[in-house]
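Listed below are the residues making up each chain.
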Amino acid sequence: MNRTYWAAGAAVVLAVLFAVGATVATASGSGGGDAARTPGLHSPDAGFARDMAVHHQQAVEMSFIVRDRTQDEAVRTLAYDIANTQANQRGMLLGWLDLWGLPKVVADEPPMSWMGTAEGGGHGAHSGHAAAPTGSAGSGAIMPGMATKEELTRLGAAGGRDAEVLYLQLMTDHHKGGVAMAEGCARQCQTPAERALAQGMVEAQQSELTLMADMLKQRGAAPRG
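Fair warning: this is a prediction, and the values are worked out from it, not measured in the lab.

A count of helices and strands for the protein gives seven helices and zero strands. Along the protein, helices and strands appear, N-terminal first, in the series α-α-α-α-α-α-α. Residue burial in the protein is summarised as follows: out of 225 residues, 50% are buried. When the accessible surface of the protein is summed, it comes to about 9700 Å², and 56% of that surface belongs to carbon and sulfur atoms.

In C-alpha cells form, the structure reads like this:
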C-alpha cells in the first residue's frame, strides 16, 4: 500500500512540475513551429483546455467535500494531492486559453466535440461537432466519468467509510474519463507542450487509479462497473 501510494505521489509531483514547465514553454513560444501558432476556436487544443478545465474543477470539488467527511489520513492525503494537482493544471489550461485569446466557454459547442475534429486540423479547422460522450454515472454527467449532482449530494451527506468508498469510486470513474480525454489530446492536439502535458496527465492518473483500487479493496469495496 505504502509503495503504491508513494509511486502515485511521485507521479503527481512530476505532473505538477511538468505542467509548470509546459506553461513556460508555451508562453515563450518554444517547442517548435506549431507552438508559435494560435489554435483555432474549435481546435482540439482549445476544446481540450476548456473541457479538461471543467473536468478538473469537479475533481477539486469532490476532493474538498471528502476532506470534511472523513478523518482517514490516507484518503485525506490523496484528496489533497488530487485537488492541488488538478487545480494547478486547471490554471495552466485556462492560462493557455488566455494566451491564445480564446474564450473559456463557447455557448454552441457541445462538451467533447473536439474529439471529433480531424487530426491535423487543430489550428482553425473545425470538422463539425461529434456526439459528446456521456459520463458513466447516469443523467446529469456531461463528460466522461463526471459525477452527477445527485452523486455529489450523496457524497456531501455521507461520512466515514461510506464517504471514503463513494469518493474513491466516483474519483475512479472521474480518472478513467480524464485519461480518455487526455489520450485524445495526446493524439490530436497540435501544441507540443499541451500534448506533453496531456500525456503526463494520463500517466499520473493511471498511477492513482491503481492506488484507489487498492484503497477500495482495503475497505471491502471495488470500483463501480
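Let us now look at the environment of Glu203. Its place among the elements puts Glu203 in helix H7 (residues 192-218). For Glu203, a relative accessible area of 48% corresponds to the partly exposed category. Separated by 20 residues in sequence, Glu203 and Glu183 place their C-alpha atoms 10.0 Å apart.

Three or more residues of helix H5 (residues 149-157) are buried, namely Glu151, Leu152 and Leu155. What you see down the axis of H5 is that its buried residues fit within an arc of 100°, all on one side. Along H5, exposed side chains directed more than 90 degrees from the buried face belong to Lys149, Glu150, Thr153 and Ala157. Looking at the packing, one finds that the buried side of H5 touches helix H3 (44-67) and helix H6 (160-188).

The next subject is the nonpolar core. Across soluble globular proteins, nonpolar side chains show a tendency to be buried alongside one another. Grouped together as the largest cluster of nonpolar side chains are 47 residues, with contacts concentrated most on Phe48, Met62, Leu78, Leu93 and Tyr167. Within the residue set of this core, elements represented by two or more residues are H3, helix H4 (73-100), H5, H6 and H7.

Conventions used here
- Residues numbered from 1 in each chain as written.
- Predicted model: local features only at pLDDT ≥ 70, side-chain atom pairs only at ≥ 80, totals over all residues.
- Heavy atoms only, no water.
- Helix = DSSP H or I, 4+ residues; strand = E, 2+ residues; numbered from the N terminus.
- Buried < 20%, exposed > 50% of the residue type's maximum accessible area, 1.4 Å probe, protein only.
- Areas by Shrake-Rupley, 256 points an atom, 1.4 Å probe, with all protein chains shown as cover.
- Arc of directions from axis to C-beta.
- Contact = heavy atoms within 4.5 Å.
- Core = buried A, V, L, I, M, F, W, Y, C linked by side-chain atoms within 4.5 Å.

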